[in-house]
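Chain and residue survey
Here are the chains, one letter per residue:
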Amino acid sequence: KCLKESHERGKKQTEEVAGSGVMITPEGELLTNWHVVDKAVEVRCLLFDGRAWNAKTLGTDKDTDLALVKLTGPSQPKDKQEGPFTCAPLGDSTQLKEGDFVMAMGAPWGLSRSVSMGILSCTRRFLPQNSEYSLWLQTDAAISPGNSGGPLVNTAGEVIGINTRGI
């Protein structure tokens, strides 16, 4: 979850948003979406084992809608257990073909640990209104609000993309 601040209409507004992410290093670095952490003043990650951690954004890229976040410490004193963290293996998205089965994982609608399955409809989708330089993977796996930032996984269990747009 992120606590975002904006100053639209001349007044400070605070909003809590939820998204997903995927751990990519044993040191607690994870990938999520730029739009999940954009304007965040506080980032808190709830791990699969129920522990909550504070985190900071290390870097973002709006064009690819990616962000790198690092866990900084438990949000509760009782959460004393530390890493190394279990991380997901990364796959090679350049090897994908239309028709490959994929799974979209995340936390839609504020729920935890959800998986939907689909196929790749297009491996090089250009989205002219959303991204000038990047090609996207298109799937029919359900991606709902809150799934953003979660992994798109191939049948070998490798992360081959990050969920970013749903219809």
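For the structure itself, consult the block above.
Residues numbered from 1 in each chain as written. Predicted model: local features only at pLDDT ≥ 70, side-chain atom pairs only at ≥ 80, totals over all residues. Heavy atoms only, no water.

**Some thoughts on the nonpolar core**
- Counting 15 residues, the largest nonpolar core has V37, V43 and L71 as the members making the most contacts within it.
- Broken down by secondary-structure element, the contributors of at least two residues to this core are α1 (34-37), β5 (40-46), β6 (52-61) and β7 (66-74).
- If one sorts the elements of this core by residue count, β7 sits on top with 3 residues.
- Within the second largest apolar cluster, 8 residues are counted, among which are V102, L120, A141 and I143. (Core = buried A, V, L, I, M, F, W, Y, C linked by side-chain atoms within 4.5 Å. Buried < 20%, exposed > 50% of the residue type's maximum accessible area, 1.4 Å probe, protein only. Helix = DSSP H or I, 4+ residues; strand = E, 2+ residues; numbered from the N terminus.)

**Remarks on the pairing of β6**
- Summarising the sheet, β5 and β6 pair through 4 bridges and their orientation is antiparallel. In the strand pairing of β6, V43 is matched with A55.
- The pairing of β6 with β7 spans 8 bridges and is classified as antiparallel. Pairing of A55 across the sheet is with L71, part of β7. (Pairing = 2+ DSSP bridges.)

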